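# Topology and contacts: notes
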Amino acid sequence: MRVTARGETFSSNFWSTHYSDVFSSVSDVARELALRLEDWVCETRFAWGQQRIARYELPD
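Treat the numbers as computed from the prediction; the structure is a model and nothing was measured. (Residues numbered from 1 in each chain as written. Predicted model: local features only at pLDDT ≥ 70, side-chain atom pairs only at ≥ 80, totals over all residues. Heavy atoms only, no water.)

### Considering the overall build of the protein
- Counting its secondary structure elements, the protein contains two helices and two strands.
- Going from N to C terminus, the protein has its helices and strands arranged as β-β-α-α.
- Among the 60 residues that make up the protein, the fraction classed as buried is 25%.
- Taking the intrachain contacts of the protein between residues at least 6 apart in sequence as the baseline, contacts between residues at least 24 apart amount to 36%.
- In the form shown here, the protein has an accessible surface area of approximately 4,800 Å², with 51% of it arising from carbon and sulfur atoms. (Helix = DSSP H or I, 4+ residues; strand = E, 2+ residues; numbered from the N terminus. Buried < 20%, exposed > 50% of the residue type's maximum accessible area, 1.4 Å probe, protein only. Contact = heavy atoms within 4.5 Å. Areas by Shrake-Rupley, 256 points an atom, 1.4 Å probe, with all protein chains shown as cover.)

This is the structure we're talking about:
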C-alpha cells in the first residue's frame, strides 16, 4: 500500500504470510494501518514533531 500526502509517500506491505497469522479480521488490519500512519505523519516535513491520534471507522 502506498499513500502520498503533500509530496511525501508512506509505503507498507500487508500481504506477507506473517501478517495473516497476526491479523484475524479487517478491523485488525485497519487498526494496524492507522497506527502505522500515526507514526509516519509525525515524521513528515508537513507535520514533523506533531503527534497525531489515528481514528478510523469501518462501514457496517
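### Some remarks on the pairing of strand β2 (residues 8-11)
- Side chains of β2 alternate between two faces, with E8 and F10 buried and T9 and S11 left unburied.
- Both strand β1 (residues 2-5) and β2 contribute to a ladder of four bridges, which runs antiparallel. Each residue of the ladder has a partner; that of T4, found in β2, is T9. (Pairing = 2+ DSSP bridges.)

In short, shape yes, function no, at least from these values alone.
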